[in-house]
Amino acid sequence: MARKVLVVEDERAISDILVFNLKKEGYEVSTAYDGDEALQKVYKIEPDLILLDVMIPKVDGFKVCKKVRESFDTPILMLTAKEEEVDKVLGLELGADDYITKPFSMRELMARVKANMRRASIPVETKKSNIIESDNLRIDLNKYEVTKRDKVIELTLREFDLLKYLATQANQVFTREQLLEEVWGFEYFGDIRTVDVTVRRLREKIEDNSSNPKYILTKRGVGYYFRRA
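The model shown is predicted, which means the values in this text are computed figures rather than measured ones.

Definitions and limits used
- Within each chain, residue numbers correspond to sequence positions counted from 1 in written order.
- Reporting in this predicted model follows two pLDDT cut-offs: at least 70 for local features of residues, and 80 or more for side-chain atom pairs to be given and counted; totals over whole chains, interfaces and linings ignore these cut-offs and use all residues.
- Derived side-chain values reflect all non-hydrogen atoms in the structure, with water molecules and hydrogen atoms excluded from consideration.
- Categorising residues by exposure relies on relative accessible area from a 1.4 Å probe, with only protein chains included: less than 20% of the type maximum marks a residue as buried, more than 50% marks it as exposed, and the intermediate range marks it as partly exposed.
- In this description a helix means any DSSP run of H or I spanning at least four residues, a strand means any run of E spanning at least two, and both kinds are numbered starting from the N terminus.
- Seen with the strands pointing away from the viewer, any crossover whose path from the first strand over the helix to the second strand runs clockwise is right-handed.
- Here the expected length of a helix is defined as 1.5 Å per residue gap, with one fewer gap than residues.
- When DSSP locates at least two bridges between a pair of strands, those strands are taken to pair.
- Within this document, salt bridges are pairs made up of a side-chain nitrogen of Lys or Arg and a carboxyl oxygen of Asp or Glu, the two lying within 4 Å of each other.
- Residues belong to one nonpolar core when they are buried, are Ala, Val, Leu, Ile, Met, Phe, Trp, Tyr or Cys, and are joined through side-chain atoms within 4.5 Å.
- Throughout, a residue-residue contact means that at least one pair of heavy atoms, one from each residue, lies within 4.5 Å.
- Centre distance within 6.5 Å is the pairing criterion for rings of Phe, Tyr and Trp, where only the six-membered ring of Trp is used; planes under 30 degrees apart are then read as stacked, over 60 as edge-to-face, and the remainder as tilted.
- To obtain each axis, a line is fitted to C-alpha atoms, and for helices this fit is confined to the stretch in contact; angles are then taken between N-to-C directions over 0 to 180 degrees.
- Crossings are assigned a handedness: left-handed for a near helix turned anticlockwise from the far helix by less than a right angle, right-handed for a clockwise turn.
- For this classification, Asp, Glu, Lys and Arg are treated as charged, while Ala, Val, Leu, Ile, Met, Phe, Trp, Tyr, Cys and Pro are nonpolar and the rest, including Gly, are polar.
- A score between 0 and 100, pLDDT records how confident the predictor is in each residue.

(A) Quick peek at the pairing of strand E2 (residues 28-32). Of all 5 residues in E2, 4 are buried, a share of seventy percent or more. In the classification by handedness, the crossover that spans strand E1 (residues 4-8), the intervening helix H1 (residues 12-24) and the parallel E2 is right-handed.

As C-alpha coordinates, this is what we get:
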(Lines give C-alpha, C1' and ligand atoms only; values in the text may rest on other atoms or scores of the structure.)
Protein backbone atom coordinates (compact mmCIF):
# COMPACT_ATOMS: atom_id res chain seq x y z
CA MET A 1 0.00 0.00 0.00
CA ALA A 2 1.31 3.44 -0.94
CA ARG A 3 2.40 5.75 1.86
CA LYS A 4 0.18 8.81 2.25
CA VAL A 5 1.49 12.38 2.16
CA LEU A 6 -0.58 15.48 2.94
CA VAL A 7 0.69 18.62 1.20
CA VAL A 8 -0.44 21.81 2.94
CA GLU A 9 0.50 24.72 0.68
CA ASP A 10 -1.68 27.66 -0.39
CA GLU A 11 0.36 28.54 -3.49
CA ARG A 12 -1.20 26.31 -6.15
CA ALA A 13 1.84 26.29 -8.41
CA ILE A 14 4.11 25.03 -5.62
CA SER A 15 1.49 22.54 -4.45
CA ASP A 16 1.12 21.14 -7.98
CA ILE A 17 4.89 20.68 -8.31
CA LEU A 18 5.09 18.91 -4.95
CA VAL A 19 2.17 16.65 -5.80
CA PHE A 20 3.67 15.74 -9.18
CA ASN A 21 7.06 14.80 -7.72
CA LEU A 22 5.63 12.92 -4.75
CA LYS A 23 3.33 10.87 -6.98
CA LYS A 24 6.30 10.12 -9.23
CA GLU A 25 7.99 8.59 -6.18
CA GLY A 26 4.96 6.37 -5.58
CA TYR A 27 3.27 8.25 -2.73
CA GLU A 28 -0.48 8.73 -2.40
CA VAL A 29 -0.91 12.49 -2.14
CA SER A 30 -3.68 14.69 -0.73
CA THR A 31 -3.70 18.48 -0.62
CA ALA A 32 -4.96 21.27 1.61
CA TYR A 33 -4.76 24.99 0.93
CA ASP A 34 -5.43 26.47 4.38
CA GLY A 35 -5.06 25.51 8.03
CA ASP A 36 -8.68 24.54 8.62
CA GLU A 37 -8.71 22.22 5.63
CA ALA A 38 -5.36 20.76 6.70
CA LEU A 39 -6.64 19.78 10.15
CA GLN A 40 -9.76 18.23 8.63
CA LYS A 41 -7.65 16.18 6.21
CA VAL A 42 -5.28 15.03 8.97
CA TYR A 43 -8.13 13.51 10.96
CA LYS A 44 -9.83 12.12 7.86
CA ILE A 45 -6.94 10.41 6.06
CA GLU A 46 -4.30 10.09 8.85
CA PRO A 47 -1.32 10.70 6.54
CA ASP A 48 2.06 9.05 7.02
CA LEU A 49 3.82 12.41 6.55
CA ILE A 50 2.78 16.07 6.36
CA LEU A 51 4.47 18.75 4.26
CA LEU A 52 3.30 21.89 6.04
CA ASP A 53 3.79 25.44 4.81
CA VAL A 54 4.07 28.02 7.59
CA MET A 55 2.31 30.94 5.89
CA ILE A 56 -1.13 29.51 5.09
CA PRO A 57 -4.56 31.18 5.47
CA LYS A 58 -7.07 30.82 8.34
CA VAL A 59 -4.82 28.83 10.70
CA ASP A 60 -1.06 29.23 10.25
CA GLY A 61 1.33 26.32 10.01
CA PHE A 62 2.65 26.70 13.55
CA LYS A 63 -0.85 26.35 15.03
CA VAL A 64 -1.62 23.42 12.73
CA CYS A 65 1.60 21.70 13.84
CA LYS A 66 0.76 22.21 17.51
CA LYS A 67 -2.77 20.89 17.04
CA VAL A 68 -1.62 17.82 15.09
CA ARG A 69 0.88 16.98 17.82
CA GLU A 70 -1.91 16.76 20.37
CA SER A 71 -3.20 13.61 18.68
CA PHE A 72 -0.63 12.28 16.20
CA ASP A 73 3.11 11.58 16.02
CA THR A 74 3.03 11.83 12.21
CA PRO A 75 6.32 13.22 10.82
CA ILE A 76 5.91 16.92 9.98
CA LEU A 77 8.24 18.66 7.54
CA MET A 78 7.66 22.41 7.64
CA LEU A 79 8.07 24.57 4.55
CA THR A 80 8.95 28.21 5.12
CA ALA A 81 10.04 31.19 3.06
CA LYS A 82 11.33 32.89 6.18
CA GLU A 83 15.04 32.99 6.95
CA GLU A 84 14.72 34.10 10.56
CA GLU A 85 16.11 31.50 12.94
CA VAL A 86 13.30 32.10 15.42
CA ASP A 87 10.74 30.76 12.94
CA LYS A 88 12.71 27.56 12.40
CA VAL A 89 13.20 27.07 16.13
CA LEU A 90 9.52 27.71 16.86
CA GLY A 91 8.47 25.02 14.40
CA LEU A 92 10.80 22.49 16.01
CA GLU A 93 9.67 23.43 19.51
CA LEU A 94 6.05 22.86 18.51
CA GLY A 95 6.89 19.33 17.41
CA ALA A 96 7.93 19.53 13.77
CA ASP A 97 10.44 16.85 12.81
CA ASP A 98 12.19 18.88 10.14
CA TYR A 99 12.05 22.10 8.16
CA ILE A 100 13.18 23.29 4.77
CA THR A 101 13.48 26.90 3.59
CA LYS A 102 12.15 28.11 0.26
CA PRO A 103 13.41 28.11 -2.38
CA PHE A 104 14.51 24.49 -2.05
CA SER A 105 15.68 21.89 -4.54
CA MET A 106 13.29 19.03 -5.19
CA ARG A 107 16.15 16.60 -4.67
CA GLU A 108 16.72 17.93 -1.17
CA LEU A 109 13.04 17.84 -0.33
CA MET A 110 12.60 14.27 -1.56
CA ALA A 111 15.65 13.17 0.41
CA ARG A 112 14.08 14.51 3.57
CA VAL A 113 10.69 13.02 2.81
CA LYS A 114 12.20 9.59 2.22
CA ALA A 115 14.35 9.76 5.36
CA ASN A 116 11.39 10.68 7.54
CA MET A 117 9.25 8.01 5.91
CA ARG A 118 11.89 5.35 6.56
CA ARG A 119 12.15 6.34 10.18
CA ALA A 120 8.39 6.36 10.66
CA SER A 121 7.93 2.93 9.06
CA ILE A 122 10.42 1.02 11.23
CA PRO A 123 8.44 -2.06 12.31
CA VAL A 124 7.94 -2.99 15.93
CA GLU A 125 9.87 -6.17 16.56
CA THR A 126 8.14 -9.12 18.12
CA LYS A 127 11.20 -10.59 19.75
CA LYS A 128 12.11 -10.05 23.40
CA SER A 129 11.99 -6.39 24.30
CA ASN A 130 15.21 -4.42 24.37
CA ILE A 131 14.96 -2.23 27.45
CA ILE A 132 17.19 0.55 28.72
CA GLU A 133 16.61 1.70 32.29
CA SER A 134 18.17 4.57 34.18
CA ASP A 135 16.76 5.54 37.57
CA ASN A 136 13.04 6.04 36.96
CA LEU A 137 13.37 6.27 33.18
CA ARG A 138 12.54 3.22 31.07
CA ILE A 139 13.10 3.11 27.30
CA ASP A 140 11.57 0.24 25.35
CA LEU A 141 13.44 0.24 22.04
CA ASN A 142 11.12 -2.23 20.35
CA LYS A 143 7.83 -0.66 21.40
CA TYR A 144 9.16 2.87 20.84
CA GLU A 145 7.88 3.70 24.30
CA VAL A 146 9.35 5.77 27.12
CA THR A 147 8.00 5.67 30.65
CA LYS A 148 8.97 7.44 33.84
CA ARG A 149 7.68 6.19 37.16
CA ASP A 150 5.39 3.94 35.12
CA LYS A 151 3.83 6.91 33.31
CA VAL A 152 4.12 6.98 29.51
CA ILE A 153 5.94 10.03 28.12
CA GLU A 154 4.71 11.13 24.72
CA LEU A 155 7.63 11.78 22.37
CA THR A 156 7.74 12.60 18.69
CA LEU A 157 9.53 10.09 16.51
CA ARG A 158 12.52 12.42 16.17
CA GLU A 159 12.75 12.91 19.92
CA PHE A 160 12.63 9.16 20.48
CA ASP A 161 15.28 8.52 17.84
CA LEU A 162 17.62 11.02 19.47
CA LEU A 163 17.03 9.58 22.95
CA LYS A 164 17.52 6.05 21.62
CA TYR A 165 20.77 6.94 19.89
CA LEU A 166 22.24 8.61 22.98
CA ALA A 167 20.94 6.01 25.46
CA THR A 168 22.24 3.01 23.53
CA GLN A 169 25.70 4.56 23.66
CA ALA A 170 25.55 5.91 27.19
CA ASN A 171 28.30 8.19 28.47
CA GLN A 172 29.70 8.70 24.97
CA VAL A 173 29.78 12.35 23.90
CA PHE A 174 28.51 13.23 20.42
CA THR A 175 28.93 16.52 18.62
CA ARG A 176 25.91 18.24 17.14
CA GLU A 177 27.23 17.47 13.67
CA GLN A 178 27.49 13.77 14.50
CA LEU A 179 23.94 13.70 15.83
CA LEU A 180 22.59 15.45 12.74
CA GLU A 181 24.26 12.86 10.53
CA GLU A 182 23.38 9.79 12.58
CA VAL A 183 19.92 10.61 13.96
CA TRP A 184 18.50 12.68 11.15
CA GLY A 185 19.76 9.93 8.88
CA PHE A 186 20.91 11.72 5.75
CA GLU A 187 23.09 14.57 4.57
CA TYR A 188 21.42 17.31 6.57
CA PHE A 189 21.08 20.70 4.93
CA GLY A 190 19.96 22.54 8.06
CA ASP A 191 21.89 23.92 11.00
CA ILE A 192 23.08 22.49 14.29
CA ARG A 193 20.52 24.52 16.25
CA THR A 194 18.08 21.78 15.27
CA VAL A 195 19.85 19.45 17.71
CA ASP A 196 19.75 22.00 20.53
CA VAL A 197 16.02 22.51 20.13
CA THR A 198 15.29 18.78 20.08
CA VAL A 199 17.45 18.20 23.16
CA ARG A 200 15.63 20.99 24.98
CA ARG A 201 12.25 19.47 24.11
CA LEU A 202 13.43 16.06 25.30
CA ARG A 203 14.70 17.46 28.58
CA GLU A 204 11.40 19.19 29.22
CA LYS A 205 9.65 15.84 28.87
CA ILE A 206 11.96 13.38 30.62
CA GLU A 207 13.81 15.41 33.23
CA ASP A 208 12.49 16.39 36.66
CA ASN A 209 14.26 19.72 36.21
CA SER A 210 15.17 20.52 32.61
CA SER A 211 17.57 23.27 33.71
CA ASN A 212 19.48 20.75 35.83
CA PRO A 213 19.26 17.52 33.78
CA LYS A 214 20.45 14.13 34.97
CA TYR A 215 19.83 12.05 31.84
CA ILE A 216 20.88 14.11 28.81
CA LEU A 217 23.92 16.16 29.72
CA THR A 218 25.96 18.77 27.90
CA LYS A 219 29.70 18.50 27.44
CA ARG A 220 30.58 22.15 27.15
CA GLY A 221 32.16 23.02 23.84
CA VAL A 222 31.62 19.51 22.46
CA GLY A 223 28.06 18.18 22.43
CA TYR A 224 25.69 15.90 24.34
CA TYR A 225 25.65 12.52 26.06
CA PHE A 226 23.27 10.28 27.99
CA ARG A 227 24.28 9.49 31.55
CA ARG A 228 23.05 6.07 32.61
CA ALA A 229 22.66 5.59 36.34
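(B) The arrangement of helix H8 (residues 193-206) in detail. The terminal C-alpha atoms of H8 lie 20 Å apart, and with 14 residues this matches the ideal 20 Å at 1.5 Å per residue to within 8%. With 10 of its 14 residues buried, H8 lies for the most part within the structure. The complete set of buried residues in H8 reads Thr 194, Val 195, Asp 196, Val 197, Thr 198, Val 199, Arg 201, Leu 202, Arg 203 and Ile 206.

(C) Spatial organisation of the pairing of strand E8 (residues 145-148). When strand E7 (residues 137-140) meets E8, the two strands line up antiparallel, connected through 4 bridges. Each bridged residue has a counterpart across the sheet, and for Asp 140 the counterpart in E8 is Glu 145. Joining the antiparallel neighbours E7 and E8 is a turn of 4 residues, in which Tyr 144 adopts a positive phi near 55°. Relative to strand E9 (residues 151-153), E8 runs antiparallel, the two sharing 3 bridges. Bridging across to E9, Val 146 finds its partner in Ile 153. In sequence, E8 turns back onto E9 through a hairpin of 2 residues, with Arg 149 there showing a positive phi of about 50°.

(D) Focus on the pattern of salt bridges. Within the structure shown, the criterion is met by 18 salt bridges. Here Arg 200 makes a salt bridge to Glu 93, at a shortest N to O gap of 2.1 Å. Highlighted residues: Arg 200 in helix H8 and Glu 93 in helix H4 (residues 85-93), separated in sequence by 107 residues. Salt-bridge contacts for Lys 148 lead to Asp 208; the nearest nitrogen and oxygen are separated by 2.7 Å. Of this pair, Lys 148 sits in strand E8 while Asp 208 sits in the loop between H8 and strand E11 (216-219), placing them 60 residues apart in sequence.

(E) Focus on the nonpolar core. Formed by 26 residues in total, the largest nonpolar core has its most connected members in Ile 139, Leu 163 and Leu 179. Looking at this core, the elements that each hand over two or more residues are E7, helix H6 (157-167), helix H7 (176-183), H8 and strand E12 (223-226). Residue contributions to this core peak at 6 residues, all from H6. Not counting the four nearest positions on each side in its chain, Leu 163 is found in contact with Ile 139, Val 146, Leu 155, Leu 202, Ile 206, Ile 216 and Phe 226. Judged by nonpolar contacts, the second largest core, of 24 residues, contains Val 8, Ala 32, Leu 52 and Val 197.

(F) Spatial organisation of the packing of aromatic side chains. Under the counting rule described, the total for this entry stands at 4 aromatic pairs. Between Tyr 165 and Phe 174, the ring centres sit 5.0 Å apart and the planes meet at 55°, which makes this aromatic pair tilted. Each ring, one from Tyr 215 and one from Phe 226, has its centre 6.3 Å from the other, and the planes form 15°; the classification is stacked. One end of the pair, Tyr 215, is in the loop between H8 and E11; the other, Phe 226, is in strand E12, and 11 residues separate them in sequence.

(G) Representation of the packing of H6 against H7 in the model. Where H6 meets H7, the axes come as close as 11 Å, and the angle between the chain directions of the two elements is 115°. The way H6 lies across H7 gives a crossing that is right-handed. For the pair H6 and H7, contact is made by Arg 158, Asp 161, Leu 162, Tyr 165 and Leu 166 and by Leu 179, Glu 182 and Val 183, respectively. Tallied by class, residues from the contact of H6 with H7 come to 5 nonpolar, no polar and 3 charged.

(H) Inspection of the confidence of the model for the chain at higher detail. The predicted model of the chain has a mean per-residue pLDDT of 88, with 91% of residues at 70 or higher. Taken together, the stretch residues 124-128 has pLDDT below 50 and engages in 5 contacts with residues farther than four places along the chain or on a different chain.

(I) Local environment of unusual backbone geometry. The step from Lys 102 to Pro 103 runs through a cis peptide bond, and the omega angle for that step is -5°. With respect to the secondary-structure elements, Pro 103 resides in the loop between strand E5 (98-101) and helix H5 (106-120). Backbone geometry places Lys 58, a non-glycine residue, at a positive phi of 70°. Classification of Lys 58 by relative accessible area gives exposed; the value is 66%. Of note, Asp 150 is a non-glycine position whose phi angle comes to about 70°, a positive value. Within the secondary structure, Asp 150 sits in the loop between E8 and E9.

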